[in-house]
Amino acid sequence: MPKFAQRMTTMEKSARVVEKLFKSMTSPETISFGGGAPAKELFPTKILQEISYELFGAPQQGQRMLQYGSPEGERELREVVAQFLLEPKGVCAVPEDIMIVNGGLETMNLICQVFIDPGDVILVESPTFVHCVEIFEMFQAKCVAVESDEQGLCMDDVEQKIRELHPKMVYVIPTFQNPSGKTLPLERRRKLAELGSRYDVLILEDDPYRDLRYSGEELPPIQAFDATGHTVLAGSFSKIFSPGARLGYVHASPAIIAKLYNAKTATNSQTSTLIQLLCAEFFRRGYFPAHLERVIDLYRERRDVMIQCIDRFFPAGTRRTFPDGGLFTWVELPGGINTTELLEQAWSYQVAFMPGEGFFVEGNGKGTNCMRLSFGNVSPENIRVGMERLGRLIADAAQGAN
Ligand SMILES: Cc1ncc(COP(=O)(O)O)c(C=O)c1O
């Protein structure tokens, strides 16, 4: 066997966690709060059937959908991003500063291609989204955790670590964070944008859950406070349209977009023309507002049921977050229960979750008593059943521990 590239070693640990994440979505008998998949009953299948029928029926459109397109993405979809997704959030955007990518995750890949050399430091939250850590490590970056409190990333520690470690980039999920469900408050958003400008550090703002707000006040993205082009905003259509569509977008300064263009052509040349035009038409025909309302109503109910069940079925001393949106809540169990070990027993109770440990890059035993619970793809009835099972499992494990 020829020798594998060095990068496959650097990413080994995070790759194993991501593998588990995918596996937790696959067993049909198990009620899984593990993966972060959206509810499939929300996918706009009928509307897309109607749109594809019409577009394929118009010969020029049909041919265009099946032809090569441009690396930056179809103009119609970039206009949709500017008009429907960025402008309402306080980001003044033109289609020229937007690139369409193969799912939000491709942005992290392209940004690493453009900015990261082996050994570069990337500051991440604690906990953070392990799938992106996997990407950063593939580029042989060194991920360093920044302290987080109940409101998310702590700005004093960000600044201190910027001064000490001279990172290339700060990676942050400011809204309904994955995995914690927390939202970074306004003042910290402003401060982070300022720090990026002052120390010439890139802020990679990963914001795929921003449109899924069920309670609380709307907040502008970090990029809205950036006057120097140091913040890159990564968005996704996965949670508001379809994850199988593999559509995401990036909004950045013209200089960064120009480099991303080169990285994109060298990687896969473009994102599917077919799905971009279908998605653009979905927005242009005015279907999005009512669709988003349905999405939000359904997830709000699931979030509420999940929170009630934690409070009812989990042991006294359990701590949890209350996410104002997104798909996750984060739980800290009392009594020294190790959630990685707990998951081994969870299969026989036919319930699954994501153990907390894998979301921390520190690797010093942090998060061993934590779990991420995803409520998006489980019906309210199954949330009740699954959470009761999980409560029983935790109680049994606690008894075994005593
Ligand atoms: C924090 C975070 N970033 C990015 C993504 C990207 O998703 P996609 O590549 O499906 O757009 C996800 C999806 O789960 C996520 O949770």
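Residues numbered from 1 in each chain as written. Predicted model: local features only at pLDDT ≥ 70, side-chain atom pairs only at ≥ 80, totals over all residues. Heavy atoms only, no water.

## Comments concerning the sheet that holds strand S2 (residues 98-102)
Right, on to step 1. Read across the sheet, seven strands follow the order S2-S10-S9-S8-S7-S3-S4 without closing on themselves; strand pairing throughout is mixed. Lying at the two open borders of the sheet, with one neighbouring strand each, are S2 and strand S4 (142-145). For this sheet, the mean inter-axis angle between neighbouring strands, taken without regard to orientation, is 25°.
Right, on to step 2. Sheet analysis places strand S9 (residues 231-236) next to strand S10 (residues 247-251), joined by four bridges and oriented antiparallel. When the bridges of S10 are listed, Leu233 appears paired with His251.
Right, on to step 3. The strands that helix H5 (residues 75-86) touches are S2, S9 and S10; relative to S2, the one it contacts most, it runs at about 105°. (Pairing = 2+ DSSP bridges. Helix = DSSP H or I, 4+ residues; strand = E, 2+ residues; numbered from the N terminus. Axes fitted to C-alpha atoms, helices over the stretch in contact; angles between N-to-C directions. Contact = heavy atoms within 4.5 Å.)

## Digging into the site of the ligand
Right, on to step 1. In the vicinity of the ligand lie 13 residues, with Gly104, Asp206, Tyr209, Ser236 and Ser238 positioned nearest.
Right, on to step 2. Contact between the ligand and Ser236: an oxygen atom at 2.6 Å from a side-chain N or O atom of the residue.
Right, on to step 3. One of the side-chain N or O atoms of Arg246 is found 2.8 Å from an oxygen atom in the ligand.
Right, on to step 4. Tallied by class, residues from the shell around the ligand come to five nonpolar, five polar and three charged. (Near = heavy atom within 4 Å. Polar contact = N/O pair within 3.5 Å; in protein donor to acceptor, adjacent residues only side chain to side chain. Nonpolar A, V, L, I, M, F, W, Y, C, P; charged D, E, K, R; others polar.)

## Details of helix H13 (residues 339-346)
Right, on to step 1. Taken together, the buried positions of H13 are occupied by Thr339, Leu342, Leu343 and Ala346. Down the axis of H13, the sector holding all buried residues measures 105°, keeping them to one side. In H13, the exposed positions that point more than 90 degrees away from the buried face belong to Glu341 and Glu344.
Right, on to step 2. The N-cap of H13, judged by a side-chain oxygen 2.9 Å from the amide nitrogen of Thr340 a few residues on, is Asn338. (Buried < 20%, exposed > 50% of the residue type's maximum accessible area, 1.4 Å probe, protein only. Arc of directions from axis to C-beta.)

## As for the packing of helix H6 (residues 104-115) against helix H7 (residues 130-138)
Right, on to step 1. At a closest axis distance of 9 Å, the pairing of H6 and H7 adopts a crossing angle of 25°. Relative to H7, the element H6 lies roughly parallel. The crossing of H6 and H7 is right-handed. Facing Leu105, Met108, Asn109 and Cys112 of H6, the residues of H7 in contact are His131, Cys132, Ile135, Phe136 and Met138.
Right, on to step 2. Residue composition of the contact of H6 with H7, by class: seven nonpolar, two polar and no charged. (Parallel < 35°, antiparallel > 145°, perpendicular 65-115°, else oblique. Left-handed = near helix turned anticlockwise from the far one by under 90°.)

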